[in-house]
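The residues making up each chain are set out below.
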Amino acid sequence: MFALVDVNSFYASCETAWRPDLRHKPVVVLSNNDGCVIALSAEAKAIGIKRGAPYFEQRELFRRHGVVVFSSNYALYGDMSQRVMTTLEAMCPRVEIYSIDEAFCDLIGVRNCRDLDEFGREIRATIRQHTLLTVGVGIAQTKTLAKLANHAAKKWTKTGGVVDLSNQTRQRKLMALVPVEDVWGIGRRISKKLEAMGIKTALDLCDTDIRFIRKHFSVVLERTVRELRGESCLGLEEFAPAKQEIIYSRSFGERVSDYQRMREAVCSYAARAAEKLRSEHQYCRYISTFIKTSPYAADPFYGNSVGQRLLTPTQDTRDIINAAVRCLDHIWRDGFRYQKAGVMLGDFFSQGVAQLNLFDDNAPKPNSAALMSVMDTLNMKDGKGTLYFAGQGITQSWQMRREMLSPCYTTHLADVPVARAN
DNA sequence: TCTGGGGTCCTAGGACCC
DNA sequence: TCTGGGGTCCTAGGACCC
């Protein structure tokens, strides 16, 4: 038995938790670079603002309705997330953190001594008490059904935010009401195809012959159908498997047209990616760089990527910057207004030296581990960027926009204003 | 003027081997 | 007239998730 617990309007709720004056007001949070809307409070949803819509298109609507707008503040959301997960881990024997705002809980054991619905309500009350955040709880035999139950808990307020869907008659009753595109694992493309086949509700999908699904779709959808029928195919993954790749990419605050500035950005992104790699205790052998212009702009599109395989796995920022810049030099073209770049690391090893190679012009550097550890320690201590490489540049005019950033209430207390004039 | 970022899994197709 | 079969590995691209 699984419970899916997720926070309502997570990013927006993190912002209002620290601003009681904003309760019951329409609040939205923007993506990086203040690009589009990624989170909305209930009041903002009621106005008809859409998730994913570009900010600049809706600015007028926001102004008319007095919508309060925030840039995303991941330092705050990450810390609030940890508080929610810690509470869950104290209440449930096994927890899988599925994303920044949701977790699956294993209810085996709990089921023997507690009423599940009542337990769900206790989770909800405790998290609210600890964090001021409100969660929805869905309970069922499979992850996909638990997701469905959670969906129902959010949609129908009279459930009080908790739905126990372990009863099969209730499962079928609910599935008949849920459009197939709302099922976990069914995206836009597959729901279109299913609807064209006359499969419109979750119940239609549940009752479709498994051989038919297998013939027209992949094993992924087959699993979803089995899970809707109560056959558990996806287990609880309490310990996250090691990552297979690490990506660092950002849109630029303003378009980049000259090579020097692009090189600065790529060096910085490479350094960030290398930092993440070391925090995962991994070494990589594959490094790639991509750059692209805006797909929405009227001017001709250019996007390209190229990768390079090293002879020896590394976690040294200098190696990674070198490789990323060599890749950039392969794909750079003058005369475009670039919107975004990124650096990807792959082909991971848990130890550095696989085998020393006679022909490696990029051989392991002496004292590399000590140098990297000094850099990481310094940079962790006082936010980011105390110590950096010359190639990353000083002015960094390509940095992303975050014009409506809230204070990092829980992690950098010095930033929090005592009183706010407004 | 202005449209996010970071991941995973699966499949098809090509290269290569015997 | 007629030109095999089976396997692995790798990569790119599609689809999905939050």
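Residues numbered from 1 in each chain as written. Chains lettered and ligands numbered in written order. Predicted model: local features only at pLDDT ≥ 70, side-chain atom pairs only at ≥ 80, totals over all residues. Heavy atoms only, no water.

### Regarding the protein's contact with DNA strand C
Asp101, Lys147, Gly185, Arg189 and Ile190 are the nearest of the 14 residues found near DNA strand C. Of what DNA strand C places within 4 Å of the protein, 100% of the atoms are sugar or phosphate. Aspartate 101 places a polar side-chain atom, nitrogen or oxygen, 3.0 Å from a sugar or linking oxygen of DNA strand C. A distance of 3.3 Å separates a sugar or linking oxygen of DNA strand C from a polar side-chain atom of tryptophan 184. Every element with two or more residues in the surface near DNA strand C is listed here: strand S5 (94-99) and helix H9 (188-196). (Near = heavy atom within 4 Å. Polar contact = N/O pair within 3.5 Å; in protein donor to acceptor, adjacent residues only side chain to side chain. Helix = DSSP H or I, 4+ residues; strand = E, 2+ residues; numbered from the N terminus.)

### Quick notes on the UniProt feature "domain: UmuC" (unreviewed entry) in chain A
If you check UniProt for "domain: UmuC" (unreviewed entry), the listed places come out as residues 2-187 in our numbering. Secondary structure content for residues 2-187 is 46% helix and 20% strand, and the end C-alpha separation is 23 Å. (UniProt positions renumbered as here; feature names shortened; annotations may be inferred.)

### Describing the pairing of strand S6 (residues 102-106)
Counted residue by residue, S6 has 5 buried out of 5 residues, so it is predominantly covered. Alternating residues of S6 divide into Glu102, Phe104 and Asp106 and Ala103 and Cys105, and every residue in both groups is buried. Strand direction decides the pairing type here: strand S1 (residues 2-7) and S6, joined by 5 bridges, are antiparallel. Counted as the bridge partner of alanine 3 is cysteine 105 from S6. As paired strands, S5 and S6 are joined by 5 bridges and run antiparallel to one another. The residue bridging serine 99 from the neighbouring strand is glutamate 102, located in S6. Taking the residues between adjacent antiparallel strands as the criterion, S5 and S6 are bridged by 2 residues. (Buried < 20%, exposed > 50% of the residue type's maximum accessible area, 1.4 Å probe, protein only. Pairing = 2+ DSSP bridges.)

### Brief notes about the packing of helix H1 (residues 10-17) against helix H4 (residues 74-91)
Contact pair H1 / H4: the axes reach a minimum separation of 10 Å and the direction vectors enclose 95°. Classified by the angle their axes make, H1 and H4 are roughly perpendicular. Contact residues: Phe10, Tyr11, Cys14, Glu15 and Ala17 in H1; Tyr74, Leu76, Tyr77, Met80 and Ser81 in H4. The class makeup of the residues in the contact of H1 with H4 is 8 nonpolar, 1 polar and 1 charged. (Axes fitted to C-alpha atoms, helices over the stretch in contact; angles between N-to-C directions. Parallel < 35°, antiparallel > 145°, perpendicular 65-115°, else oblique. Contact = heavy atoms within 4.5 Å. Nonpolar A, V, L, I, M, F, W, Y, C, P; charged D, E, K, R; others polar.)

### Looking at the environment of arginine 261
Relative to the assigned elements, arginine 261 resides in helix H13 (residues 259-279). Arginine 261 sits 137 residues away from tryptophan 398 along the chain, and the two C-alpha atoms are 7.4 Å apart. Those residues in contact with arginine 261 that lie beyond four places of it in its chain are Glu254, Arg255, Val256, Ser397 and Trp398. Side-chain polar atoms of arginine 261 contact the side chain of serine 397, separated by 2.5 Å.

### Side note on unusual backbone geometry
Backbone geometry places aspartate 34, a non-glycine residue, at a positive phi of 50°. Within the element layout of this structure, aspartate 34 appears in the loop between strand S2 (27-30) and strand S3 (37-40).

### Some thoughts on the sheet that holds S6
The strands making up a sheet associate through backbone hydrogen bonding, with each pair oriented either parallel or antiparallel. Spatial strand order, S5-S6-S1-S7-S8: 5 strands in an open sheet with mixed pairing. In this open sheet, the two strands that pair with only one neighbour each are S5 and strand S8 (162-164). Neighbouring strand axes in the sheet, compared pairwise and without regard to direction, differ in orientation by 15° on average. Lying on the sheet, H4 is in contact with S1, S5 and S6; it crosses S5 at an angle near 155°.

### Re the confidence of the model for chain A
Atomic detail in the predicted coordinates should be set aside for any region of low pLDDT. Scored by pLDDT, chain A has a mean of 91; 94% of the residues are at 70 or more. The secondary structure element of chain A with the lowest average pLDDT is helix H5 (residues 110-113), at 86, and the one with the highest is S8, at 98. (pLDDT = per-residue confidence, 0-100.)

### Comments concerning the protein's contact with DNA strand B
Taken together, 25 residues are adjacent to DNA strand B, and Ile247, Ser249, Arg250, Ser251 and Lys340 come closest. Put simply, 70% of the atoms of DNA strand B that lie within 4 Å of the protein are in sugar or phosphate. With respect to DNA strand B, the side chain of serine 31 contributes an N or O atom lying 2.9 Å from a sugar or linking oxygen. In the model, a phosphate oxygen of DNA strand B is placed 2.8 Å from a nitrogen or oxygen of the lysine 340 side chain. Contributions of two or more residues to the surface near DNA strand B are made by helix H3 (55-65), helix H12 (219-228), strand S9 (245-256) and strand S12 (338-349). The dominant element in the surface near DNA strand B, judged by the number of residues it contributes, is S9, at 8 residues. Its residues assigned to classes, the surface near DNA strand B shows 8 nonpolar, 8 polar and 9 charged.

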